[in-house]
Each structure stands twice: as C-alpha cells, then as structure tokens.
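Residue strings, one per chain:
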Amino acid sequence: MNNETMQMERDFDFEIVMGLEVHVELHTKSKIFCGCTTEFGGDQNTHVCPVCLGLPGVLPVLNKQVVDYAMKAGLALNCEIAEFSKFDRKNYFYPDLPKAYQVSQYDLPIAKDGYLDIEVGGNPKRIGITRVHMEEDAGKLVHGGAANLAGAEYSMADYNRTGVPLIEIVSEPDIRSIEEAVAYLERLKAILEYTEVSDCKMEQGSLRCDANVSLRPWGQKEFGTKAELKNMNSFKALQRALEYEVERQAEILRDGGKILQETRMWDEAKGMTISLRSKEEAHDYRYFPEPDLVPLVISREWVDRVKATLPEMPHVRKERLVHTYGLPAYDAGIITGSKAMADYFDSACKAFGVDTPSGVEADDKAKERAKQISNYMMGELTRLLNASEFGYLNSPVTPENLVGLLQLLEAGTISTKIAKTVFEDMFATGKPAKAIVEEKGLVQISDEGAIASIVRDILTANPSVVADFKAGKEKAMGFLVGQAMKATKGKANPGLVNKLLKEELEKL
Amino acid sequence: MSLTKDEVQHVAMLARLELSDKEVEKYTTQLNDILGYAQRLQALDTANVPPTAHVFPLQNVMRDDCVDPSMAREKILANAPDEEDGFFRVPKIV
Amino acid sequence: MKLYTKKAHELHDLLVNKEISAAELVRAQAERIEAAEPKVQAFITRTLDDAMAQAAKVDAKIAAGEAIGPLEGIPMALKDNMCTDGVRTTCASKILHNFVPPYDATVVTKLKEAGAILMGKCNMDEFAMGSSTENSRFFATRNPWDIERVPGGSSGGSAAAVAAGQAVFTLGSDTGGSIRQPAAFCGVVGMKPTYGAVSRFGLVAFASSLDQIGPFTRDVRDNARVMNAIAGYDLKDSTSAPVDYPDYEALLGQSVKGWRIGLPKEYFGEGIDPEVKAVIEKAVKVLEGLGAEIGECSLPHTEYALPVYYLIAPAEASSNLARYDGVRYGYRSEEAPDLITMFKKTRAEGFGEEVKRRIMLGTYALSSGYYDAYYLKAQKVRTLIKGDFDQAYEKFDVLLSPTSPTVAFKFGDRTDNPLQMYLSDICTLSVNLAGIPALNINAGFANGLPVGLQLMGKAFDEAKLLQLAYAYEQATGCHSQTPDLGV
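Residues numbered from 1 in each chain as written. Chains lettered and ligands numbered in written order. Predicted model: local features only at pLDDT ≥ 70, side-chain atom pairs only at ≥ 80, totals over all residues. Heavy atoms only, no water.

As recorded by an unreviewed UniProt entry, chain C carries the name glutaminyl-tRNA synthase (glutamine-hydrolyzing) and is attributed to Heliobacterium mobile. Chain C has a UniProt comment under Function (unreviewed entry) that states "Allows the formation of correctly charged Gln-tRNA(Gln) through the transamidation of misacylated Glu-tRNA(Gln) in organisms which lack glutaminyl-tRNA synthetase. The reaction takes place in the presence of glutamine and ATP through an activated gamma-phospho-Glu-tRNA(Gln)." Its UniProt record, at the heading Catalytic activity (unreviewed entry), says of chain C: "L-glutamyl-tRNA(Gln) + L-glutamine + ATP + H2O = L-glutaminyl-tRNA(Gln) + L-glutamate + ADP + phosphate + H(+)". (UniProt positions renumbered as here; feature names shortened; annotations may be inferred.)

Written as structure tokens, this is what we have:
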C-alpha cells in the first residue's frame, strides 16, 4: 500500500470503485441512418422523416462519417479497432424510442481495449477503456402538467434527436475517487474536442455521463454491488451526484445494510439520487444482430486513413509547449486542456513570428514572446471570455489582434497599464489594438523633454515628498511616479519617468 | 426444457402484451409444442458452424454524410393517435 | 372480349394497337373486381379514382403518338404490406387499420414509373403470418377455384386476385412461402426472388432476413416482365444486392436441352399427397421430353428447416412489430390511463392471435438465457441448410419439387393446431433460409384444384427459372385455364 492509499484510507472508511459510461453525440451533418439534419434545436418534430420516425417498412442506411468518427475516437483513446464489427438491436419499449429498439452494438463494438491517462494531485493514473461503440440517440420527452416525469399528467414526444449518432465510451472500473472521475471526464472531453468528432456541449446534451458506483471495505478484492447513476449533465452535477451517492452507500453499509443493484437518477434540484427501478422494468434487452444492416469489415488501410486525420493529442501538445517555448508545465497544461485554447495559442505564436517546429527549442526572444501570449491568455483573455458568452473558438479578440497589442507593448508605444484598458476595449469592440490606441490618443509619451518638464513641475509642487525622499524614504519615489503618470493620464513611458525623476532629484 | 405459465407471463410483459388467463394457458401449451419440436435442432453438432445472419455476404454498405430535407410536420403527425402542439402525446409514464 | 383473362403482354399489344384504351381497360378491370369480389374477397382497399386518372394520362400519351412502356396502363394490385403514399396500408391488422403512409415503397415507386395502374391493396394474413389468409383481421379471402377453400397465404389476396381476373398482376411478399404457396393453390405464376434482388424498402417487415417481394402473374412472360420492373439495386435498402440484373423477358424462349434438374428426395417423401406427387412426376416427364436431364439429389438438413424458420422468423418479427405501440400511428386502445397499460392494451387488442403467438415465441427465443439455445442455434443450422443447396447446385442447374404437399385446403381445416398449419410450409421454407430464388408454376390439376410446381435456382438465377418455366408452359399450355366464378 502506498502513501496515497493510506492517506485515503484514513479519510474514508471504504474504497470507492467507479466506471463511467459516456455518451457522445457525433458532430455529423446528418443522422446515423437517414438524411435528417442533426442540428440542435429546431421546432419539435421538424427534423424527422419516415426512417427516423420508424414508420412501418423503412430501412436504415449507415452514415459513413459515423464510422470514421467512432474509429477516430477509438484511436484517440488508444483502442484496438475491430476488423469485423456489426450492429445489433437493443429491444425495449419507451415512447422516445420509435422502433422500440435502439440500433446499437453488442458483442462486436468498433473499438475496444484502450486507455486514457489522467493526473490527480500531480499523480498520473491510467484508466482503462473497455469499449467504444456506435448507436443511435433516442428522442426527447416533455412532461405535461409537471416539471419532471413524476407527477406529470401526460408526456409529449419530440423525435428531432432520434437517430443522431452517438458513441458510448465505457471505462473499466478503474476509478477510485471522485476527483479521478472528474479528471477522467475532463480529459475525455478534451480528447474528443481535439479529435473534433463532437462539440461536447454538455449543456446541450451532446456529452452525457452515467456512472457505475460501488464501495468495498479496504483490502477486499471483490467489487461491491453497484448502482448505476444517470442524468449527470455537467461536471458540477457529476461531482455532486457522486458525493451524494458515495455517502448514501457508505451510510447503508455502515449500518450493516445491503446495496441494491439498481439504476438511480441524479435529481439536480433536490440534490439527491433517486431510484428509477420499477418492477415492470425488468431489463432484458434481447440483443440480436440487426438484420437490416450488413457488417463492417475494417481494413488496415481504412484504419490508417482515419489515423492520419488524428490531430496532435493534448499530452503531446503540452510537452511541445513546455519544450519549445519553455512554458511552465502548469500553464501548458491549461492551454492544451482545450483544443480551442491551444489552437489560439499556436495561431498567436504564428502571428508573432515565433512559431517553431516541434522538437526545436525556440530562442530566448521567441520564448519571451510566447510567454507574453500565454500570460495574456491565462489572465485577461480567459477572465473576459469566462464572463461572456464567447469562447476561444469565437473570441472577439483574435490571436492576430492579441499579437497586435503585444507588439505595441514591445515597441513601447503603450504602457502595460494602458494595454489592459486597450485590451478590454478590444474585447468589447473587436477592433485591433492600434485603432483603439489611435482613436483614444493613448500613445505612450516617450518624449524626454516633455516628460522632464512634467517631472520638474511635480517636484516643485511636492517639496515635502522630495524632502522625504532625500531623507531616505524610498516609498516617496513611488508617489512621485504615480503623480507623473496621473498628469499624463497614464501615457508617460514609466521607464522614462523613473529615469528622469532620478536625474532631477539628484540635481536638487 | 418446458415453459411455465409464469415464464409466459414474463415474456408477455417483455413484449408488452396483456394476456387473459385463458390466453396464458393456451400459449403455454402451444409454445411448449413448438419449442418441443424445435428441440430436434439440439441433436445437430454445430460447434464449428458459423451463424448466418445475412444470406448474401455484403459488407460496408454506407452512405455519404449528406443532409436531405426532413418531412413536413403535418405529414409526420398525420397518423398520430394523439398530438399536441407539434408533439406526439402519450399517457402519463409513471 | 374477356379482358380479365388476358396477360399483361397481350393487353400491352392491344393498347399499342389502339384496340382498347387504358380507360376501357381500367373500367373493365374495376367491373371485374366488383363482380368477383363478393365471392373472392381479395381486396382490403380499392383505388378506382386514382386508377381512372392514371389511365387518362396513359391514353393521352398513346394519343400523342408516344411509345408506352411494357407495363404502362396495366391494372395491378399490391399486397397490403407495401407502403403506398396516401393510400391506407393495413397489413390486414387492426393495429394499422387506419395507417396512411406518407411515402412509397421502392417497388411502388418503380411500378408507378413503369406506368402500371394501382387498383387496390390485397388481403393477406395479418403481418404476413399465416398460410391461408384466414389470419386477416378483416375477412378471409377465398380460392377462386373453390370458394370453400383457402387461397393459401400469406399473400392470399394477391394470388386470388390474379386467378380471379381482378388484377393483371399483383405483388406479394414471401418470408417462408407466402408467394409460392398461394400461387400454387390459386394456379398462377409466383416468383420469390433471391434475397436482395428486390428492394424491401417500404415493405412492412415481418422477418427482415427472409422477406422478399415478388410478382404474381397469369403466365411466365408477364412474370419476367414485372421482374424487369421491380428487380434492382436500391440505395435505401442496405441488404439490396449490387449485381447486374438481366432482362428476364428477353431471355425467354431458349432451349433447356441439357439442363440438369435435381429432385431433392426429401421433398418427395412422406406427407406429400399422392395426387400432388403424380402431377409433379408427370411434369418432370414433360421437362425430360424437352431435353432436360433429371437426377435425384439430397438436401439432408431439410427436416430442420421448419424449426429453424419458426425460431428465426418470430424472433425478428418480435422486434419488427415492437414499434406498434400506439404512440405515433395506428391503433391505440381506448383504455390508456398510463403508458404501460396503453402499450399492453393497444398491442393485445391490435394484434390477432397468430401474430401474438409469434411475438411471444420470438420474444422468448431472444430472451436472456435462451438466445444461444434457440436463436443462435437456428442461425447456425441455417448455415447448414444453405450449404445443402450450395452442394446440390454443384451438380444441378435447377432443383424441382412440389410447392405444397397438398392442394388448397378447406377453411378451418388447420386453424386449431398451429404446428399443423406450419407443416404446410415445409416445401417452401428452406428457400428463404438459403436466400435463393424459387418460382411456382401450375403443373396441372388434382380433383379440379391447381397443383404447384416449384423450381429453385442458385442465387440470382431467376432468369433460368423463368426460362425453364416458360419452356414448360409453352409445351403444356398449363397457364391457359382459368377458374369459373360464374360471374
């Protein structure tokens, strides 16, 4: 037992065992088995045709892009791609499922046996991926006469989402803490965003997470009885639901009770998990091979073709930013945590003329510039983006415009302080830095004569402060610099102000 | 292998069919007859025989990812037993 | 002129030569339907208004001196399990009694393009499950040769309509013999094509891996002609076969000298009515006289076809028929206080006895713990059955057998015992399991009732079956007899 486990053992009386099942909507144009659009939203039942409505007599035809995307996700998760794969029917009745079966994959999924590396508290850990399989999404139910299912007088079905392609990614029960679960989902989301197979918008349901949770006494080999948690639609929900469920199970076990194997739903409003089990709902999906679809035989060449479309993965990219630009690992980790952010960084480097091939270490000047970009992104830009409806993909400040600002700074045209104000204006208006600086007359005053004259006026106006300085009070210097900046509305070159102040003070 | 009435009830539940007691009785007898007849398959050694799911050995039948127009909602809803505001309406679920 | 006994190719010539107009033909056809229907009861829905409008278009074309296609203006009907845009499609089930599809099946699109005129939708066993058309939820269709007897099934309405002169040709579907057996009982030509040769898109599924659409006609030439119109690759059906489809009609009339015809001994054993056997043996002599070489062969796994079929077909059906839940279309029970009751009542009231029996059987065969013993085992034995045919075709071009062990039976004869009813399919089931084509032609009569001869070919060898049947037909004139309905 290592130190970490011992620490956890002291914290909690059971070992947590979890596996996640993540459903991801693939970012195709059309549905998996028909030509209806996959676009989110739209009036109810307007993205529907006889095929996805499951009218009598219709037949499915597989969208090739779905296979390519599923394979790409599988490869990004280090999976083996099946040479032979097929679809099966999963039979169950529910009003959101028009055919009363879901076309899915049972015993021969497209990808299996992969892994994903996470880091929690600085410790790396590998989580196994059992399988990645393709399936069709179901429709949506709206409940009439109540906010949710229970208590509704009737329900209404909208089949726009029916047939939107999904992949289900099933992890091994390797997850041992809530932090690991969250880290796993974050990393998975980042990887999927990198591969661009999904937009991973949890708020729109394009990434949905279920969890199998069980507890066991420390040291026990056998798994405890698990509960399957559903309906966790955000990272916060995942965290809260797992915290609730772990404590719920722990309390039962502490009281000598038994955990029921059941499906439980996270109720965000109530802040608790609720059993969905019903005696009418005996699960027997009666899987059998889908006779309306023929098998997939996947050649090496096909796999290679898809592999060639894989982008640089987050961990590789992070290493590159550390090695090439000397970014701190923490900063590089944050930047590469999202593909959009990492792409922004690379575009900015290019605009700043410091893009450097992988494996080459940039020179000091380039490193300095990259660091400037990184600092602005991690600070101001992220802060403003988080407070807005924008993201790195559609940031009002483009990478080119950010570099425009950094160039003005580097040339001494504006001060660091002015730059902050200019940046806020850029964010609000989308204009380039130069235009804002010119419009508002924010160009830094670097005329020595002009600044010297201002400095002299300030010294004359503040004899007592000058006396303090002479008496050795270094702080007085700061006040005088402040006065000079104030007099120039912040436009004076701070370096020059300092230099001239010192010169003038010495003259006194 | 013989099917009991309880199993027939369970199968009816899976298939969402409400059966009267008389029907349960009848189906229990008839399904046992048919399944009894099917028992003769067990006499065949099929250990090394692959299953046939499709008689014609097609593979990789796919279409390109192109959007086709969906169907007008009036047509989609035309056969609905119950509808409301563009939705299919169903009785309360629980 | 008794138009209702004429074949499509004869009517085409009459249209082209302006001896009749399409409007006259359609009107005569409608009158014949009207006259025969009280006795035969072949139609669930009739589409006369649309038909007259269609006929007017064909006549305008002829009047303008334009050429018309080989099926243009020809009145036809469809089994009521093929979706027709705007025309009710019921599968003879209460659960779809009011269903009006918003789209056409691929075969319907093709026949519309060919200019054939839809007269109506034909009766059938509910969801194509049955061998007598007694399982229709609406009414039973009668055999035009003896209205005390069944027309066969499940495509009984389609077969009877052609025999009774109520349509020049019809389409049926065949999952275990549902085209060939009623064709045999009604004395018409019925083709079950190779699996994948005719698109299933728009055919309401019974057992997806077995279902095929095919034509009923009064002679072999017509059959080839309709096959030309409906066979072919379809992008909408993933199991459609991307192969070259020949011009079946153009290939008719060739010599069958030297063709090797195999008689599978398992199809001539016990259970075959001696009178049926005698008619078939006579037919074999005719083919021998035409120069064909006759030999015996064996399909050793034949005895397993019935149990394999009655596991695979209900299993697929149990899933295919799950969508009839009262939510989106079709029947919904009045008694629907909550969802689960609505599901169970809707399905209990909407489906008939045989359909429920097969849903139960199929659900059980797929359920947890039984899949390997039943469904998977059946799929493996299916491989062996297919293998039997592959071996037989190494030595023979075509296999020949009776289509049904008996002639048409009387109503109610077999309804009490489902297993007994299933046994009437033993000559036809294996063909669906093997996916190969088979053709029924009338071989002659036993006690005034038609006896069907089944020709089975290699996959995509429909042309050969049609050529052989054509040679037989030319030699015997067996297609010239029609039942006398007294109307």
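Moving on from the coordinates now.
With that settled, consider helix H2 (residues 64–76) of chain A. Residues and elements named next belong to chain A. Its 13 residues place the ends of H2 18 Å apart at the C-alpha level, agreeing with the 18 Å of an ideal helix rising 1.5 Å per residue. With eleven of its 13 residues buried, H2 lies for the most part within the structure. Of the positions making up H2, those classed as buried are Val66, Val67, Asp68, Tyr69, Ala70, Met71, Lys72, Ala73, Gly74, Leu75 and Ala76. Taken from the residues just after H2, Asn78 is the one with a positive phi, measuring 60 degrees. (Helix = DSSP H or I, 4+ residues; strand = E, 2+ residues; numbered from the N terminus. Expected span 1.5 Å × (residues − 1). Buried < 20%, exposed > 50% of the residue type's maximum accessible area, 1.4 Å probe, protein only.)

In this section: the packing of aromatic side chains. All names here are of chain A. Tallied over the full model, the rule gives 29 aromatic pairs over all chains. Judged by centre distance (6.5 Å) and plane angle (55 degrees), the rings of Tyr244 and Trp266 are tilted. Taken together, the positions of Tyr244 in helix H4 (residues 235–254) and Trp266 in strand S14 (residues 262–267) put the pair 22 residues apart, joining distant regions of the chain. Judged by its relative accessible area of 1%, Trp266 is buried. In this structure, Arg89 is placed above the aromatic ring of Tyr101, and the distance from its NZ or CZ to the ring centre is 4.0 Å. (Phe/Tyr/Trp six-rings, centres within 6.5 Å; stacked < 30°, edge-to-face > 60°. Lys NZ or Arg CZ within 6 Å of the ring centre and 35° of its normal.)

Next up on the list: the layout of surface pockets. Residues and elements named next belong to chain A. A volume near 1,500 Å³ is recorded for the second largest pocket. Every residue lining the second largest pocket is counted, 43 residues in all, and those nearest its centre are Glu186, Ala190, Thr336, Gly337 and Ser338. Elements represented by at least two residues in the lining of the second largest pocket include exactly strand S7 (111–120), helix H3 (178–195), helix H6 (314–325), helix H7 (329–336) and helix H8 (339–351). Ranked by the residues each element gives to the lining of the second largest pocket, the list is headed by H3, at seven residues. When residues of the lining of the second largest pocket are assigned to domains, at least three map to each of domain 1 (12–306) and domain 2 (322–440). (1 Å grid on protein atoms, 1.4 Å probe; cavity = no way out; pocket = protein on both sides within 12 Å on 5 of 7 lines; lining within 4 Å. Points joined across faces, edges and corners; volume = space filled by probe spheres on them. Domains from an automatic or database assignment.)

Glancing now at the pattern of salt bridges. Residue and element names in this part refer to chain A. Scanning the model with the defined rule gives 71 salt bridges over all chains in all. Where Lys99 meets Glu136, a salt bridge forms, and the shortest distance between an N and an O atom there is 2.9 Å. On the criterion of sequence distance, the pair formed by Lys99 in the loop between strand S5 (88–91) and strand S6 (101–104) and Glu136 in strand S8 (residues 123–136) is long-range, its members being 37 residues apart. Residue class for Lys99 comes out buried when judged on its relative accessible area of 10%. With a closest N to O distance of 3.6 Å, Arg317 and Glu312 form a salt bridge. Look at Arg317 and you get buried, because its relative accessible area is 6%. Residue class for Glu312 comes out partly exposed when judged on its relative accessible area of 27%. Through salt bridges with shared partners, one network takes in Glu196, Glu312, Arg317, Arg320, Lys339, Asp343 and Asp346. (Salt bridge = Lys/Arg side-chain N within 4 Å of Asp/Glu carboxyl O.)

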